[in-house]
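Here are the chains, one letter per residue:
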Amino acid sequence: MPETQALLQVDNLKVHFPLPGAGLLRRSAGAVKAVDGVSFSLHAGQTLGLVGESGCGKSTTGLAVLRMQPVTSGRILFEGADITAQQARTGTFRRRMQMVYQDPYGSLNPRMKVRDLVGEPLQVHGLDQNRGEYQDRIAGLLKTVGLLPDMADRYPHEFSGGQRQRIGIARALALEPSLIICDEPVSALDVSIQAQVVNVLQELQERLGLAYLFIAHDLAVVRHLSHRVAVMYLGRIVEIASRDDLYRAPLHPYTQALLSAVPVADPVVERARQRIVVQGEVPSALRPPPGCRFHTRCPQAMARCRTDDPALMDLGQGRAVACHLHGGQGAGGARVLPIVAEPTAA
Amino acid sequence: MSTPLLEVKNLTTRFRTERGELTAVDDVSFSVAPGQTLAIVGESGSGKSVTALSLMRLIPDPPGRITGGQILFEGQDLLKLSDAQMRDIRGDRIAMIFQEPMSSLNPSLTVGMQIAEPVNLHRKMPWTQAYEVAKGLLEKVRIPDAASRLKTWPHQYSGGMRQRTMIAMALACQPKLIIADEPTTALDVTVQAQILDLLKELTRETGAALILITHDLGVVARYADHVAVMYGGRIVEQAEAGALYAHPRHPYTRGLLASIPRLDSSAGQRLVPIKGQPPDLARLPPGCAFAPRCQHADAACSASRPLLRELEPGHLGACHHDHAIDADLSHAA
């Protein structure tokens, strides 16, 4: 498919955590394959949602892209340059790639004023030489995220969770990045506050042309913010598609089950929904099942799923799925269920 | 509605804190009929968990104290019982499932012992027999290989299995009422669906009533028959679930529903956030607790707290302006 160069391209990324073995030589007793062959690309100004349950490797993928996590193999291209060998502390790319963390309480140093929290990235990169400009920049950043410039002299404890998350976003914006990695940025916030932060993220993207790698387990928030969505299971991407394709007609049985498990805040819709309930829980990443990693829980598993590991098959139109029901030879009888009836146009 | 199993009248629970006395649960009344599921929804600090703990009389004293009201369970006021009498009810006729299955199981007792304990305690059943009951319960909550699982320890279980164990414990004495406080918040979404489906199915089977405490409006829509929405320690709206979602009357309920993204909403639509922050219980405004965040608020709202009253049969709301809001709604439609 001819396409413009991606802002971020990840090729066959693997992050394995070796386990120290027992015995005299402490030979490694295998490895937890937290991320095991993940590929995706993200274009400027777009959002890629990365979803999956705990232990699927979504956060590790984010850290690896930031180069805060050593990579076992694979390649990470950012703004056309290979950054796989660079490090977070020294890599020049880090001015252009920033992170917003999940916990607005743990991620801000309680002993620093907001001014210094937001200004620290500028100081690190020596952009605080002109004091006047520096102060103006901080005031501007606070305004950008909907805070008041005179809040700069306060400490984090004086702010609510939603406001702290805005401070975290202002700090991430300080160096004018092109990509922000958001790891569960709203999941620690109260329901009535989440929308405030979601809207800030959306407005900033429109205004500044930011790209987001949006890592979350909340499928409704991901749908709201993403252009494309990748679903991860046990270290692999099992399905990747445009937002509308994925939510309207999920192909992978895991995506179907995941969407089906999310309740919709409307009893009428809930009663009418067809639900797919998967049994059991996510197996340990230390010993992923052979064949398709999802076969132990898959309601449509066939004999070959127990032995053959399905590759991520490109189905065209930017859609790919790793399932023997789709794409491969003899892919008949695939069941596609609309997860929620299409909203009737008003 | 049939005779309620539980009738809570004007329950008030206060806490003494460094910053003065605060009222975590303020004049809360509701009832639950046998076999029904009541969801209590609210954000952190709304008083939903303190309500649950008050029902079980598990409020740590000091600093907390139930200062008023009645908790009528099968016609008997739990607040008038001695501690010993209350212990007889807890885990027997009323059972509770907590949010953190990790910290609410005893790590130094086998799973079997923890499930058999209430049976031994309340039913005076010898341990060997109680273990048989425990095995049946583990099967009931679909833990495979129940007989050998009895001898295992909580740390060997995944989060979902621990919560299944908690449910087995709660069901051990066939309670009339189960109170589940955010039972699936710590779990993954596919496991959440399994656990709540199971809980719902088992209550249907046994005819027990369920009080489900949650912040998730989706979970409420899927599992609840009735809903009470709490804000700032009070119930601000209460109705049958269908009516609440179809015609939310309180501005807070309406605000919440507009602020959450849904799997089936038209994508690209901006969310409508509720401005401001949830209230600080130690510094509640004198009037309506939601007034500082409410677009309909006026002088009356900051002057006096609106009482919960019946707006339509079975639909209660605590707002000075529900008529104006109705007009606003019909205008918008």
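Check the entry above for the structure.
Before going into details, it helps to say that this report is about the structure given with it. (Residues numbered from 1 in each chain as written. Chains lettered and ligands numbered in written order. Predicted model: local features only at pLDDT ≥ 70, side-chain atom pairs only at ≥ 80, totals over all residues.)

So, the overall build of chain A
Secondary structure summary: chain A contains nine helices and 12 strands in total. Its C-alpha radius of gyration of 22 Å places chain A within 12% of the 20 Å reference for a compact globule of 346 residues. Taken along the three principal axes of its C-alpha coordinates, chain A extends 70 × 65 × 45 Å. Within the span of chain A, comprising 346 residues, buried residues form 47% of the whole. Residue pairs in contact within chain A that sit at least 24 positions apart in sequence constitute 61% of those at least 6 positions apart. (Helix = DSSP H or I, 4+ residues; strand = E, 2+ residues; numbered from the N terminus. Rg over C-alpha atoms; globule rule 2.2 N^0.38 Å. Buried ≥ 20, exposed ≤ 12 C-beta atoms within 10 Å, placed from the backbone. Contact = placed C-beta atoms within 7 Å.)

Observations regarding the overall build of chain B
Counting its regular elements, chain B contains 13 helices and 12 strands. In summary, chain B has a C-alpha radius of gyration of 21 Å against a globular reference of 20 Å for 333 residues, a match within 12%. Its C-alpha atoms give chain B principal-axis dimensions of about 65 × 50 × 40 Å. Put simply, of all contacts in chain B between residues at least 6 apart along the chain, 63% involve residues at least 24 apart.

Re unusual backbone geometry
In the segment running from Asp61 of chain B into Pro62 of chain B, the intervening peptide bond is cis, with an omega of -10°. Checked against the element boundaries, Pro62 of chain B lands in the loop between helix H1 (48-55) and strand E4 (64-73). Note the cis peptide between Pro62 of chain B and Pro63 of chain B, where omega equals 10°. Within the secondary structure, Pro63 of chain B sits in the loop between H1 and E4. Although it is not a glycine, Glu79 of chain A sits at a positive phi angle of roughly 50°. Positionally, Glu79 of chain A belongs in the loop between strand E4 (73-78) and strand E5 (81-82). Backbone geometry at Asp27 of chain B places phi at a positive 60°, although glycine is not the residue there. Tracing the backbone shows Asp27 of chain B in strand E2 (residues 20-32). The class of Asp27 of chain B is partly exposed, set by 17 C-beta atoms lying within 10 Å.

Things to note about the sheet that holds strand E1 (residues 6-17) of chain B
Residue and element names in this part refer to chain B. A sheet is described by the order of its strands in space; here four strands give the open sequence E2-E1-E4-E5, paired in antiparallel fashion. The sheet terminates laterally at E2 and strand E5 (76-77), the two strands that pair on one side only. Relative to E2, E1 runs antiparallel, the two being bridged by nine bridges. For Glu7, the partnering residue across the bridge sits in E2 and is Ser31. (Pairing = 2+ DSSP bridges.)

Structural notes on the interface of chain A and chain B
Listed as interface residues are 38 residues of chain A and, on the opposing side, 40 residues of chain B. At the level of secondary structure, the elements contributing two or more residues to the side of chain A that touches chain B comprise helix H5 (191-208), helix H6 (219-225), helix H7 (243-248), helix H8 (253-261) and helix H9 (267-272) of chain A. It is H5 of chain A that provides the largest number of residues to the side of chain A that touches chain B, a total of six residues. In terms of residue class, the side of chain A that touches chain B is built from 23 nonpolar, seven polar and eight charged. (Nonpolar A, V, L, I, M, F, W, Y, C, P; charged D, E, K, R; others polar.)

Section: the packing of H8 of chain A against helix H8 (residues 189-206) of chain B
At their nearest, the axes of H8 of chain A and H8 of chain B sit 8 Å apart, and the two run at 55° to each other. Between H8 of chain A and H8 of chain B, the angle falls in the class oblique. Two packed elements cross with a definite hand, and for H8 of chain A against H8 of chain B that hand is left-handed. Residues Ala257, Leu258 and Ala261 of chain A of H8 of chain A lie in contact with H8 of chain B, whose contacting residues are Val189, Thr190, Gln192 and Ala193 of chain B. The class makeup of the residues in the contact of H8 of chain A with H8 of chain B is five nonpolar, two polar and no charged. (Axes fitted to C-alpha atoms, helices over the stretch in contact; angles between N-to-C directions. Parallel < 35°, antiparallel > 145°, perpendicular 65-115°, else oblique. Left-handed = near helix turned anticlockwise from the far one by under 90°.)

Regarding the environment of Ser187 of chain A
By secondary structure assignment, the location of Ser187 of chain A is in the loop between strand E7 (179-183) and H5. Distance in space between the C-alpha atoms of Ser187 of chain A and Val221 of chain A is 9.5 Å, their sequence separation being 34 residues.

Quick notes on the nonpolar core
Judged by nonpolar contacts, the single largest core of 198 residues is most densely connected at Leu213, Phe214 and Val231 of chain A together with Val220 and Val227 of chain B. Once residues within four sequence positions are removed from consideration, Phe214 of chain A is found in contact with Thr47, Leu48, Gly49, Leu50, Cys182, Val222, Leu225 and Ser226 of chain A. (Core = buried A, V, L, I, M, F, W, Y, C linked by C-beta atoms within 7 Å.)

Some details on the sheet that holds strand E2 (residues 31-42) of chain A
All names here are of chain A. Taken together, four strands build an open sheet; the order of strands is E2-E1-E4-E5 and the sheet is antiparallel. Both outer strands of the open sheet, E2 and E5, are each paired with one neighbouring strand and no more. Those strands touched by helix H1 (residues 58-65) are strand E1 (8-18), E2 and E4, and its axis lies near 115° from that of E1.

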